[in-house]
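Understanding the architecture of this molecule
Residue-level listing of the chains:
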Amino acid sequence: MEHIRNFCIIAHIDHGKSTLADRLLEYTNTVSKRDLQAQVLDDMDLERERGITIKSHAIQMDYELDGKRYVLNLIDTPGHVDFSYEVSRSIAACEGALLIVDAAQGIQAQTISNLYLALENDLEIIPILNKIDLPSAEPELVKDQIVDLLGCKREDIIPASGKTGMGVFDILRAIIDRIPHPQGDAEAPLKALIFDSVFNSFRGIIAYYKVLEGEIRKGDHVKFVATGADYHADEIGILRLDKSPRDVVKTGDVGYIISGIKNAREVKVGDTITQVGRPCLNAVAGFEDVKPMVFAGIYPVDTDEYEELRTSIEKLQLNDASLVFEPESSAALGFGFRCGFLGMLHMEIIQERLEREFDMTVITTVPNVSYFAYLTNGESFVVNNPSDFPDPSKLDRIEEPYIKATIITKAEFVGSVMGLCIGKRGEIVNQSYLTTDRVELIFNMPLAEIVFDFYDKLKSISKGYASFDYHQIGYRASDLVRLDIRLNSEPVDALSALIHRDHAYTFGKKICEKLKELITRQQFEIVIQAAIGAKIIARETVKALRKDVTAKCYGGDISRKRKLLEKQKEGKKRMRQVGSVEIPQQAFLAVLKLD
Amino acid sequence: MAGIYLHIPFCRKACHYCDFHFSTSLEKREQVLQMMQRELEQRSGFFKGVAVSSVYFGGGTPSLLSGAELGQLMELVRKNYAIQNDAEVTLEANPDDLNPEYLAMLSQSGVNRLSIGVQSFRSEDLAAMNRAHSAEQALSCISDAGDAGFSNISIDLMFGWPGLSMEAWKDNVKQALDLPITHLSCYGLTVEERTALTRKIAAGEIETPDDALAAEQYLWLLESAETSGIPWYEISNFCREGFASRHNTSYWTSEPYLGIGPSAHSFNGVERSWNVSSNSAYVQGWERGFRAAETETASEPERINEYILTGLRMRRGLDLSTLKSAFGPIVHDGVLKRAGEYIDSGALLHHQSRLAFTTRGLLFADRITAELFSDPV
Ligand SMILES: Nc1nc2c(ncn2[C@@H]2O[C@H](COP(=O)(O)OP(=O)(O)OP(=O)(O)O)[C@@H](O)[C@H]2O)c(=O)[nH]1
Ligand code: SF4
Ligand SMILES: [Mg+2]
């Protein structure tokens, strides 16, 4: 066990975690030069396309130092707020963390929040000043910030560059010297913590775990404590770039198990694996349940695919424990699921993964946060869906979640950041200068105002020089209304939104305009209305299409026309008929792109 | 049946709605025509011995060709290809070019069919479209053509043009139907991207076309052409009995055609290919001895879709028995099944193993066609 080191790489988004991981893999010869593409651990298509890490990724390296051989288990984590649950689970499998700070950007909001996550779990922190090669790097200034934040010594900070490879050997030495090796009774009954899992269509469910006590051997008869189900360990092993089978995975090590489980519900991240014949006395505490920030309905475009959607979401949940869902139904869309997400990016990624990994075409409805309704008769309940919004005459009050937002930006952008936050119903709580040029602003704001496009707006008004983090701080009473959308007088519940009364008119007008743009003309006129209760507050019409016929179709037009019509036919598959009106899939998310 | 298309990529001025390939600079004229001659020689094996039943000069403005230029092209066509004796030889012409001398030259060169770009008999429309001819020329050229011996004349008209009222359209159609023509092509205005028209509409200089009115104009046209003995035989084409355009019909019946000149398309029964849409790239290619072109071989589902698309353009409709023998009963049954709701609603007619649009169905031909397409595999 003395030769094992388990650590994760944590940082603010884009500070260079995955690139530094590449160098560690390269310098320890874990991945051959030929296989080493940039950010090799970002192996999902979506991660590569977007250039961000979405999933934590564990990989084992061998390294020899001063004549001794070590096993280093590395977990690369995502930096975006929406995936902080990935970070917290990775931390549970580690004794140390590399805290990466971009030498040009300095400490940012998620540097701090991820650091706190690691400290709560008593991880040894190794601060790394990364991207030192950048001409805009300000190493001394950023070192000051790090010393301030961690209370560490200046010399503890390792200057490095994931690009040039500078500092990588120092980091490897620090991992071995400074991070404690895992503890745990090797002789005790098996106790392993499942920290991640994934569905594989050929092999069933693969669970990733860290052995806290005892050991697991191939062929063992094991039990998953929470679900109570038992299995034979058909294959166990450790994680290299691919899975690498072994006969035994011992205390302190990180590994995987394949035991022919096909049903997604049988594996729960946070569960404990133990031996059937010799069970451990108490299970690991597991993970706190995640609290979703946003809710939206997910419906199959093709109503026949409801059950398939359910199994797909269950399988996806294996690989994303922060996704929660329950069945719901909508008058417009039929049967689907109300899902909880950690943010808008998370929601977008889930929709994309359902489409790509499970071939499901889905509609995502207008997202909202979770409210508390108090009725005049004393009853109270949670409102996760606009259709649960009570009749105003019976409503005593409705409360909405508030957050404390921490924004770090440059002094020159303070004015515009304030303007943005106040426009979003924020109240300034504190303003402090971290250095002469860096300001930390703290606001109390309604969560509903920041989940949609807040972060994008913040980035654009600050030219990218603002980082943002938030925590829920409770509920406050608020003047909310339900805005309904009607198409040819038929209310479309999936397009309803809960919104502050002061914003309702502008919002209603914009959403009608947006829908007019997105709904393709049909053979009859379509009237789009926004309403609060019986009162219509906005209206647009999509004129009837009277003619849809190509005039000329000669030699050169044929294949062009064919392609056009094929595309049109394909597009129709992404439309949902509500009443007589066909609504394209994107229309349901139109609210997010209003401006 | 097989046809040769020659694209003459020059126009005197640019009509506002047009997105064809043409240049208003005549600078490259000589070179382009020379290279077209080279292309005619180089691709003489295209039809593999199948006789050519139609030759079509399109554009652009073929009536810009001088007698000598036309003569040279015709000579090379005859020399390199097996042209049937009774072949249809069409030339697209603008009214302003058709003076009696020019018409006489055309007739001597072997042109036996004229397709005249009239568009409208009203000068306000012609001015708004930026056409080069006047309303008088539109009328006089037709009688002059008759005098020069042309008995097979087609004219083009446009409906749905902003400002063209229903009454004005009726007048245009009536005037056309009274003329000694054998064929009529009527195109609903399509506002193509990257045309002056699009810009002018966006700038508010021309009002947005009214598609409800265009639909009404089309329906009225279908009816009055029918009663005047020039019924529709293709979505945009009308003719007296026996005067369907032989050349254009080959496009809708999957016959091979060879396209010569910049941007011209060819189809050899299997492959579609198209020359570059640039006069200079076309010339440069042939100067170096190669044909600057792209080729595409359609997959089976794509060929099925093209068969459906072109078949439905014709009044006689999509030939289901050929569809079945060429692509199999599963494809045939799929198409018929998807057609079901349109047959029921009266948009399509299923008769004697053919599927054809009714007048009502014609207005929505595109979306119905798309619905009948085979599903991608
Ligand atoms: N100049 C320079 N650029 C770097 C360095 N490390 C990373 N980058 C660049 O910074 C960007 C982000 O790098 P990643 O490694 O994907 O960052 P990350 O922290 O893993 O990002 P997330 O996982 O999305 O939070 C990429 O464009 C890298 O090429 C470095 O040391 N020097
Ligand atoms: S003459 Fe014909 S090809 Fe030339 S611009 Fe006008 S419509 Fe287009
Ligand atoms: Mg990363």
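Residues numbered from 1 in each chain as written. Chains lettered and ligands numbered in written order. Predicted model: local features only at pLDDT ≥ 70, side-chain atom pairs only at ≥ 80, totals over all residues. Heavy atoms only, no water.

Right, let's get into the overall build of chain A. When helices and strands are counted, chain A shows 13 helices and 33 strands. Scaling as 2.2 N^0.38, a compact globule of 595 residues should have a C-alpha radius of gyration of about 25 Å, and chain A matches this with 26 Å. Taking contacts inside chain A between residues at least 6 apart in sequence as the whole, the part at least 24 apart equals 69%. Working note: accessible area of chain A is about 24900 Å², and carbon and sulfur atoms make up 48% of it. Computing the positive centroid from 74 side-chain charges and the negative centroid from 89, chain A places the two 6 Å apart. (Helix = DSSP H or I, 4+ residues; strand = E, 2+ residues; numbered from the N terminus. Rg over C-alpha atoms; globule rule 2.2 N^0.38 Å. Contact = heavy atoms within 4.5 Å. Areas by Shrake-Rupley, 256 points an atom, 1.4 Å probe, with all protein chains shown as cover. Lys, Arg positive; Asp, Glu negative; His and termini not counted. Charge placed at Lys NZ, Arg CZ, Asp CG, Glu CD.)

Before going further, it helps to spend a moment on the coordination of the magnesium ion (ligand 3). Residues and elements named next belong to chain A. Looking at the metal site, the magnesium ion (ligand 3) is ligated by Ser-18 (OG) and Thr-53 (OG1), spaced 1.9 to 2.0 Å from it. One end of the pair, Ser-18, is in helix α1 (residues 17-27); the other, Thr-53, is in the loop between α2 (45-50) and β2 (57-65), and 35 residues separate them in sequence. Per residue, the accessibility class of Ser-18 equals that of Thr-53, and both read buried. (Donors = N, O, S within 2.8 Å, 3.2 Å for Na, K, Ca; no water. Buried < 20%, exposed > 50% of the residue type's maximum accessible area, 1.4 Å probe, protein only.)

Together, Asp302(A), Asp304(A), Glu308(A) and Asp359(A) make up a negatively charged patch on the protein surface. With respect to the helices and strands, Glu308(A) occurs in helix α7 (residues 306-319). (Patch = residues over 30% accessible without salt bridge, like charges linked within 9 Å, V, L, I, M, F, W, Y side chains within 5 Å. Salt bridge = Lys/Arg side-chain N within 4 Å of Asp/Glu carboxyl O.)

If you check the shell around ligand 1, you find 18 residues, and the closest are Lys17(A), Ser18(A), Thr19(A), Thr53(A) and Asp133(A). Among the elements that line the shell around ligand 1, the one with the most residues is α1(A), at three residues. (Near = heavy atom within 4 Å.)

Moving on: the nonpolar core. Membership of the largest hydrophobic core comes to 125 residues, with the highest contact counts inside it found for Leu6(B), Phe57(B), Leu106(B), Ile155(B) and Leu184(B). If one sorts the elements of this core by residue count, helix α8 (residues 211-227) of chain B sits on top with six residues. Residues contacting Leu6(B), with those up to four places away along its chain left out, are Met36(B), Leu40(B), Val55(B), Tyr56(B), Phe57(B), Gly58(B), Leu73(B), Val77(B) and Ile260(B). Counting residues in each nonpolar core, the second largest holds 53 residues, with Leu316(A), Met445(A), Ile450(A) and Leu458(A) among its members. (Core = buried A, V, L, I, M, F, W, Y, C linked by side-chain atoms within 4.5 Å.)

Residues and elements named next belong to chain A. Here we have four strands laid out as an open sheet, ordered β18-β19-β17-β20, and antiparallel in their pairing. In this open sheet, the two strands that pair with only one neighbour each are β18 (324-330) and β20 (362-364). Neighbour to neighbour, the strand axes of the sheet diverge by 30° on average, direction disregarded. Strands in contact with α7 are β17 (294-300), β18, β19 (334-341) and β20; relative to β19, the strand with the most contacts, it is inclined by about 15°. (Pairing = 2+ DSSP bridges. Axes fitted to C-alpha atoms, helices over the stretch in contact; angles between N-to-C directions.)

Right, let's get into unusual backbone geometry. Following Gly59(B), the chain continues into Gly60(B) via a peptide bond in cis, with omega recorded as 20°. By the element assignment, Gly60(B) lies in the loop between β2 (52-59) and α2 (67-80). A positive phi angle is found at Asn29(A), which is not glycine, with a value near 55°. With respect to the secondary-structure elements, Asn29(A) resides in the loop between α1 and α2. In the Ramachandran plot, Ser254(B) falls in the positive-phi region, its phi being about 60° despite a non-glycine side chain. Take Ser254(B): it is sitting in the loop between α9 (246-252) and β9 (257-260).

Residue and element names in this part refer to chain B. Helix α15 (residues 365-372) packs onto helix α13 (residues 329-344) with a crossing angle of 145° between their chain directions and a minimal axis gap of 8 Å. Contact with α13, carried on its side by Val-335, Arg-338, Ala-339 and Tyr-342, involves Ile-368, Glu-371 and Leu-372 of α15 and no other residues of that element. Here the contact of α13 with α15 is composed, by residue class, of five nonpolar, no polar and two charged. (Nonpolar A, V, L, I, M, F, W, Y, C, P; charged D, E, K, R; others polar.)

This part covers the state of the cysteines. The tally for this structure, following the rule as stated, stands at zero disulfides over all chains. Lacking any disulfide linkage, Cys186(B) is separated from the closest cysteine sulfur, that of Cys239(B), by 12 Å. (Disulfide = S-S within 2.5 Å.)

On to the site of ligand 2, then. Every residue lining ligand 2 is accounted for by Cys11(B), Lys13(B), Cys15(B), Tyr17(B), Cys18(B), Phe20(B), Phe22(B), Gly60(B), Thr61(B), Asn94(B) and Arg131(B). For the shell around ligand 2, the residue count by class is six nonpolar, three polar and two charged.

Residue and element names in this part refer to chain A. Direction vectors running N to C along helix α9 (residues 414-423) and helix α11 (residues 454-461) enclose 160°, while the axes themselves pass 10 Å from each other. In terms of axis orientation, α9 runs roughly antiparallel to α11. Crossing geometry of α9 relative to α11 is assigned as right-handed. In this structure, α9 contributes Ser-416, Val-417, Leu-420 and Cys-421 to the contact, and α11 contributes Phe-454, Lys-457, Leu-458 and Ile-461. Taken together, the residues that form the contact of α9 with α11 break down as six nonpolar, one polar and one charged. (Parallel < 35°, antiparallel > 145°, perpendicular 65-115°, else oblique. Left-handed = near helix turned anticlockwise from the far one by under 90°.)

The accessible area lost on association of the parts is a frequent measure of interface size. Residue-level contacts link 40 residues of chain B with 28 residues of chain A. The contact between chain B and chain A buries some 3200 Å² in all, and 54% of this surface belongs to carbon and sulfur atoms. Measuring nitrogen to oxygen at the nearest pair gives 3.6 Å for the salt bridge that ties Glu296(B) to Arg562(A). Between chain B and chain A we count 19 residue pairs in polar contact (both at pLDDT 80 or more) in total. Across the side of chain B that touches chain A, the residue classes break down as 19 nonpolar, 10 polar and 11 charged. (Buried area = accessible area lost by both parts, 1.4 Å probe. Polar contact = N/O pair within 3.5 Å; in protein donor to acceptor, adjacent residues only side chain to side chain.)

Another aspect to go through is the side chain of Thr409(A). Residues and elements named next belong to chain A. Looking at the element boundaries, Thr-409 is found in strand β23 (residues 395-410). For Thr-409, a relative accessible area of 2% translates into the label buried. In this structure Thr-409 touches Val-414, Val-417, Asp-437, Arg-438, Val-439, Leu-441, Ser-462, Tyr-465 and Ala-466, once residues within four positions along its chain are discounted.

We now examine the sheet that holds strand β15 (residues 254-258) of chain A. Residue and element names in this part refer to chain A. The sheet built from eight strands is open, its strands ordered β11-β10-β16-β7-β8-β15-β12-β13 with antiparallel pairing. Of all the strands in the sheet, the pair left with one neighbour each is β11 (230-232) and β13 (243-246). Here the average twist between neighbouring strands, direction ignored, is 40°. Looking at chain direction, strand β12 (residues 235-239) and β13 are connected through four bridges and run antiparallel.

Glancing now at the pattern of salt bridges. Taken as a whole and assessed by the stated rule, the structure comprises 59 salt bridges over all chains. Salt-bridge contacts for Glu140(A) lead to Arg154(A); the nearest nitrogen and oxygen are separated by 2.7 Å. With Glu140(A) in helix α5 (residues 139-150) and Arg154(A) in the loop between α5 and β6 (158-159), the pair connects residues that are 14 residues apart, well separated along the chain. A cluster of three or more residues bridged by salt bridges with shared partners is formed by Arg562(A), Lys563(A), Glu566(A), Arg272(B), Glu296(B), Glu302(B) and Glu306(B).

Our next topic: the pairing of β2(A). Residue and element names in this part refer to chain A. Burial runs high along β2: seven of the nine residues are buried. When β2 meets strand β3 (residues 68-76), the two strands line up antiparallel, connected through nine bridges. By the bridge assignment for β3, Asp-62 is matched with Val-71. Where β2 folds back on β3, the antiparallel hairpin that results is connected by two residues, among which Asp-66 adopts a positive phi of roughly 50°.

A few words on the confidence of the model for chain B. Should the pLDDT be low somewhere, the predicted coordinates at that spot are not to be read in detail. Per-residue pLDDT for chain B averages 95, and the proportion of residues at 70 or more is 99%. Predicted complex metrics record ipTM = 0.94 and pTM = 0.78. (pLDDT = per-residue confidence, 0-100.)

What follows covers the environment of Lys268(A). All names here are of chain A. One can find Lys-268 in the loop between β15 and β16 (272-275). For Lys-268, a relative accessible area of 48% gives the class partly exposed. For the pair Lys-268 and Ile-75, spaced 193 residues apart in the sequence, the C-alpha separation amounts to 20 Å.

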